[in-house]
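Given next are the chains, with one letter for each unit.
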Amino acid sequence: MKRFPAAVLLLFALLGAGLLLDVVTARPAAAHAAVVTTTPGDGARLEAAPTEVTIEFNEAVSLGAGYARVLDGDGERVDTGAAEVTDGVVTVPLRPDLPDAGYVVTYRVGSADSHPVSGAFSFVVGDGELLPAGSVDGTDSTDPGIATLLPLARWAGYAGLVLGVGVPLALATCWPGGWAAPRLRRAALGGLAAVAGGGVLLLLGQGPYAAGAGLGSLVDPQLLGATVDSGYGRTLLVRIALALLLAVVLARGWRHGRAPGTGLLAVAPVLAAGLVVAVAAVGHPVAGSLVGLAVASSSVHVAAMAGWLGGLVVLFAGVLRATTPRAELDAALPRWSRLAGGYIGALVVTGVLQSVREVGSFSALVSTGYGWLLVAKLAVVLVVLVAALVSRDWVQQRVGGGRRPGGSRRRVVAQAFSAQAVDDEPPASLGVLRRSVLVELVGAVVVLVVSAVLVSQPPAKASMPTPVDVTLPLRSASATADAGTVQVTVDPASPGPTTLHVYLFDADGRLVQPREISVGLAELAQEIGPLDVELAAAGPGHYVGDPVLPSAGSWTLTVTVRLDEFTAVTASTVFPVR
């Protein structure tokens, strides 16, 4: 019989389908990091050239293999090439004595979840011409080759973890006789090689991904060095090292079809646990709030996934073969039935925790692509649970799985009866269990496919419109000093009618009445605006407007305040409209 090759081919075929789905449905990376404000503001006209440009994000970012630069109308750099990052603020020093002209700021920085965040804005000095933000340096998108390579590498890691960790775990806990199967040994070692290989591809691909470069830059020493120096890169190095070490441990102890020795079995779980954490501690869990809880929950989720899928592979490709002794079958199935219940429980609990963190509300669940993918995943989970219940019922009725109420005597009689039943069971009756296990395996892999697609999607919570509430410094045209602050709120930040509140404060934090105030809105990527917002006084230093936002996008709001006849100050912020 050739069930094992068929099962492996099925697994990788489904993973390949998931990869195709991931690539086809891929959208530009939407990480948690977002621009809060820039200085100068987008579209600002300055009387004198500033000494630096700053970009403030809502969370810590890194330059790494990315960049932040300022270009003139000819695409020539006018910054000093010494951009720096402090927490969430990127500072780009400029060359002295810049002429009156228009300038474009372009940036591509790394967020905490390893996805690049890119954008551009423009300002003008003196009587120069304001340049569109996209007029120089071309587009800033991810290379198609890199966009294909990275999900492929992720899939290799997921599939490898199932085989490299899940298969040995199932043998150690449920079916010791499986250590004698060379095909399972090859599958486990091949899986760990896939984890290491996938980690190498991710390590090589992250630099070009962050820099917006192509496949030709995979071995660029500068980009690779930037990745290795990042937390993401160091996590990948740990993943690769642990996968190789675990492969060595299993290869040395898993010889001639014998189970690994006690000493090596004591080391292998530690390495496997570390490998699981190294796989889980990247992406969305390491960004946003409650990072420690998110990483722990993700680690349990990944471990349960590997244990469940690996056990199903062993069950379908090994335990349920016609050549398996009935005594081994009788011992393995009840153990697996109990473990599978634990795996499913862990997946459900941690899945709920992650969903709450990434979705946040029912409206986000039913109004975003991420939410509907999650609903589809839950629907498949229900089908898998039905198949799992069928398998569990078969095991309990024929192999005596689990405890029964009524004391030990009843359990002994049931076990004896079930053992006799299995001995007399015709091989054809195992077909029911094989089919239900196959449904579990296929459904579980489909769930894994959808889960991996979710990784590449912006979280539902991040895709929902959120009210804008920021306090910005008011600066003069020369950007030499602050002249108070302005508090701006926009609610809702979604296409259509919205409400804008503006509060003006002096340097001492007191509400101040200006001589003149104006607010403009623009979406440069779509060439919308600037749109003037009609304001009405609502109290001392307080103004209200009711603008209509024509479309979703990255909008720039600029407040211009004339405090007296000679002093004009501005503030600007960028906010997403979803």
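Numbers given for residues are sequential positions, taken from 1 along each chain in its written order. Per-residue local features of the predicted model are confined to residues with pLDDT of at least 70, and side-chain atom pairs are confined, for both listing and counting, to 80 or more; whole-chain, interface and lining totals are unaffected and use all residues. Excluded from the side-chain calculation are hydrogens and water; included are all heavy atoms of the structure.

**Q** Would you mind showing me how to read the confidence of the model for the protein chain here?
**A** The predicted coordinates of low-pLDDT regions are not to be read in fine detail. For the protein chain, per-residue confidence averages 78 on the pLDDT scale, and residues scoring 70 or more make up 82% of the total. Every residue is assigned a pLDDT by the predictor, reflecting its confidence on a scale from 0 to 100. Note on contacts: a residue pair qualifies if any of its non-hydrogen atoms lie within 4.5 Å across the two residues. Across residues 1-31, confidence stays below pLDDT 50; counting only partners more than four residues off in sequence or on other chains, it has 58 contacts. The low-confidence segment residues 401-428, where pLDDT is below 50, has 27 contacts with residues more than four positions distant or belonging to other chains.

**Q** What am I meant to see in the nonpolar core here?
**A** One broad rule of soluble globular proteins: the nonpolar side chains tend to lie buried together. We call a set of buried residues a nonpolar core when its members are Ala, Val, Leu, Ile, Met, Phe, Trp, Tyr or Cys and they connect through side-chain atoms within 4.5 Å of each other. When a residue's accessible area, from a 1.4 Å probe over protein chains only, is under 20% of the maximum for its type it is buried; when over 50% it is exposed; and in between it is partly exposed. Within the largest apolar cluster, 63 residues are counted, with the highest numbers of intra-cluster contacts made by Leu246, Leu275, Trp308, Val319 and Leu333. Within the residue set of this core, elements represented by two or more residues are helix 2 (144-173), helix 3 (182-211), helix 5 (231-253), helix 6 (262-280), helix 7 (291-319), helix 8 (326-358), helix 10 (369-398) and helix 12 (430-455). Numbering of helices and strands starts at the N terminus; helices are DSSP runs of H or I of at least 4 residues and strands are runs of E of at least 2. The leading source of residues in this core is helix 7, at twelve residues. Every residue in contact with Leu246, bar those within four places of it in the chain, is listed here: Gly164, Val165, Leu192, Ala268, Leu271, Ala272 and Leu275. Residues Leu504, Leu521, Leu549 and Val569 belong to the second largest nonpolar core, which totals 27 residues.

**Q** Help me understand the pattern of salt bridges, please; the structure alone is not making it clear to me.
**A** Once the charged atoms of two side chains with opposite charge are near each other, the side chains can pair. For this document, the term salt bridge refers to a Lys or Arg side-chain nitrogen within 4 Å of an Asp or Glu carboxyl oxygen. Scanning all chains against the criterion turns up three salt bridges. Close ionic contact of Arg510 with Asp506 constitutes a salt bridge, the shortest N to O distance being 3.2 Å. One salt bridge in this structure joins Asp508 and Arg510, with 3.2 Å as the shortest N-O distance. Like Asp508, the residue Arg510 is exposed in the burial classification.

**Q** What is the right way to look at helix 8 in this model?
**A** Residue pairs spaced three or four apart in an α-helix point in one direction, given the helix's 3.6 residues per turn. Under the 1.5 Å per step criterion, the end-to-end length of helix 8 is 46 Å for 33 residues, consistent within 8% with the ideal 48 Å. The first or second residue beyond helix 8 is Gly360, which carries a positive phi of 90 degrees. Helix span, expected: 1.5 Å multiplied by one less than the number of residues in the helix.

**Q** What am I meant to see in the environment of Ala82 here?
**A** Looking at where Ala82 falls in the secondary structure, it is placed in the loop between strand 4 (62-71) and strand 5 (84-86). Considering only alpha carbons, one finds Ala82 and Pro93, eleven residues apart in sequence, at a separation of 6.7 Å. Aside from chain neighbours lying at most four places away, what touches Ala82 is Thr91 and Pro93.

**Q** How should unusual backbone geometry be read in this particular structure?
**A** For residues besides glycine, phi is generally negative; the peptide bonds are generally trans as well. With an omega of 0 degrees, the peptide bond between Thr39 and Pro40 qualifies as cis. Of note, the bond from Asp491 into Pro492 is cis; its omega dihedral lies within 30 degrees of zero at 0 degrees. Mapped onto the elements of the fold, Pro492 is located in the loop between strand 10 (482-491) and strand 11 (496-497). The backbone of Asp97 sits at a positive phi, close to 60 degrees, despite the residue not being glycine. As for its position among the elements, Asp97 is in the loop between strand 6 (89-93) and strand 7 (102-110).

**Q** What exactly am I supposed to notice about the packing of aromatic side chains here?
**A** Given two aromatic rings, their pairing is described by the distance between the two centres and the angle made by the two planes. The rule is short: rings of Phe, Tyr and Trp, with Trp giving its six-membered ring, pair when the centres are within 6.5 Å, and they are stacked under 30 degrees, edge-to-face over 60, tilted in between. Inspection of every chain in the model, using the stated rule, returns four aromatic pairs. Ring geometry for Trp336 versus Tyr343: centroids 6.0 Å apart, planes at 55 degrees, classification tilted. An identical accessibility class is assigned to Trp336 and Tyr343; each is buried. Over the ring of Tyr67 we find Arg69; its NZ or CZ atom is 3.7 Å from the centre of that ring. A ring has a charge above it when a Lys NZ or an Arg CZ is no more than 6 Å from the ring centre and no more than 35 degrees off the ring normal.

**Q** Got a minute to help me understand the pairing of strand 6 in this structure?
**A** A regular strand carries its side chains on alternate faces of the sheet. By this definition, two strands are paired if DSSP reports at least two bridges between them. Inspection of the sheet shows strand 3 (residues 52-57) paired to strand 6 by five bridges, in the antiparallel sense. Along strand 6, the bridge assignment pairs Val53 with Val92. Hairpin connection from strand 5 to strand 6: two residues lie between these consecutive antiparallel strands, with Asp87 at a positive phi of about 55 degrees.

**Q** What's the story with the environment of Val167 in this structure? I'm lost.
**A** Within the secondary structure, Val167 sits in helix 2. Taking C-alpha positions, Val167 is 8.0 Å from Ala187, a pair spaced 20 residues apart along the chain. Ignoring sequence-local partners within four residues, the contact set of Val167 consists of Val162, Leu184, Gly310, Val313 and Val314.

**Q** I tried to follow the packing of helix 3 against helix 4 (residues 221-228) on my own but got confused; where do I start?
**A** Axes, fitted as lines to C-alpha atoms, cover a helix only where it is in contact. Angles between the N-to-C directions of the axes lie from 0 to 180 degrees. Their axes nearest at 8 Å, the elements helix 3 and helix 4 cross at an angle of 100 degrees. Comparing their axes, helix 4 and helix 3 come out roughly perpendicular. Facing helix 3, whose interface residues are Leu203, Leu204, Gln206, Gly207, Pro208 and Ala211, helix 4 presents Leu223, Leu224 and Thr227. For this scheme, ten residues count as nonpolar: Ala, Val, Leu, Ile, Met, Phe, Trp, Tyr, Cys and Pro. Four count as charged, namely Asp, Glu, Lys and Arg, and the remainder, Gly too, count as polar. Each residue belonging to the contact of helix 3 with helix 4 can be placed in one class, and the counts come to six nonpolar, three polar and no charged. For classification purposes, angles smaller than 35 degrees are called roughly parallel, those larger than 145 roughly antiparallel, those between 65 and 115 roughly perpendicular, and all remaining angles oblique.

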